[in-house]
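Analysis of the macromolecular model
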Amino acid sequence: MWGILIALLSGALMSVQGVFNTEVTKQTSLWVSSAFVQFTALLVCLGAWLITDRTNLMTLAQVEHKYMLLSGVIGAFITVTVVKAMGSLGPARAAMLIVVAQLIVAYVIELLGLFGVDKEPLEWRKVVGMLISIVGIVIFKW
């Protein structure tokens, strides 16, 4: 149950953040607003780390697959692409496309067992569910 609530909160926060980032970008620039987002996220994470965790930062050097450390770089590109998508499509259309893209890529990762994720068998009902989502986007666009 907690996982569902956290996922719903995450989706809501992503939508609000995308709108905020898009508005800040309109008043500054894409890279200024993106840098600000990443910098403030760093400050929040460092503050939370100081209060709750304090695991040695050097444990990052022990991460087994070093390419996993690119997640921060990916995060920067997520910020930029969300801002661009929301700016050109509007929040609702952009969010729908982003969510469907996340769903498709996540399912492919599971199917192929990529990045250390347990490999899952193809389930046609999940494929049909994704196709229904795509049809929903087409209907929403009209």
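Keep in mind it's a predicted model, so treat the numbers as computed, not measured.

This next bit is on the packing of aromatic side chains. Applying the stated rule across the entire model yields one aromatic pair. Consider the rings of Y67 and F115, whose centres lie 6.1 Å apart with planes at 55°: the pair is tilted. Of the two residues, Y67 sits in the loop between α2 (30-53) and α3 (71-89) while F115 sits in the loop between α4 (91-112) and α5 (124-141), which places them 48 residues apart along the sequence.

Across the protein, pLDDT averages 92, with 100% of residues at or above 70. For the protein, the element scoring lowest by mean pLDDT is α5, at 91; α2 scores highest, at 94.

On to the pattern of salt bridges, then. When the charged atoms of two side chains with opposite charge come close together, those side chains can pair. The full count for this structure, using the stated rule, is three salt bridges. E23 serves as the salt-bridge partner of K26, at 3.1 Å between the closest nitrogen and oxygen. Note that K26 and E23 are positioned in helix α1 (residues 2-27) at a spacing of three residues, about one turn of the helix. On the basis of relative accessibility, which here comes to 60%, the residue K26 falls in the exposed class. The class of E23 is partly exposed, set by a relative accessible area of 37%. Linking K126 and E123 is a salt bridge whose minimum nitrogen-to-oxygen distance equals 3.7 Å. Residues joined in a network through salt bridges with shared partners are E123, R125 and K126.

For L131, the position within the fold is in helix α5. Judged by its relative accessible area of 49%, L131 falls in the partly exposed class.

Attention now moves to the environment of P91. In this fold, P91 is placed in helix α4. The spatial distance from the C-alpha of P91 to the C-alpha of T22 is 9.4 Å, given a sequence separation of 69 residues.

With a phi angle near 60°, R54 is a residue other than glycine that sits in the positive phi range. For R54, the location among the structural elements is in the loop between α2 and α3. One non-glycine residue, F115, lies in positive phi territory at about 60°.

Between its terminal C-alpha atoms α1 stretches 37 Å, which fits the 38 Å expected from 26 residues at 1.5 Å a residue. For α1, the full list of buried residues reads G18, N21, T22 and T25. Those residues of α1 hidden inside the fold are in contact with α2 and α3.

Basis of the calculations
Residues numbered from 1 in each chain as written. Predicted model: local features only at pLDDT ≥ 70, side-chain atom pairs only at ≥ 80, totals over all residues. Heavy atoms only, no water. Phe/Tyr/Trp six-rings, centres within 6.5 Å; stacked < 30°, edge-to-face > 60°. Helix = DSSP H or I, 4+ residues; strand = E, 2+ residues; numbered from the N terminus. pLDDT = per-residue confidence, 0-100. Salt bridge = Lys/Arg side-chain N within 4 Å of Asp/Glu carboxyl O. Buried < 20%, exposed > 50% of the residue type's maximum accessible area, 1.4 Å probe, protein only. Expected span 1.5 Å × (residues − 1). Contact = heavy atoms within 4.5 Å.

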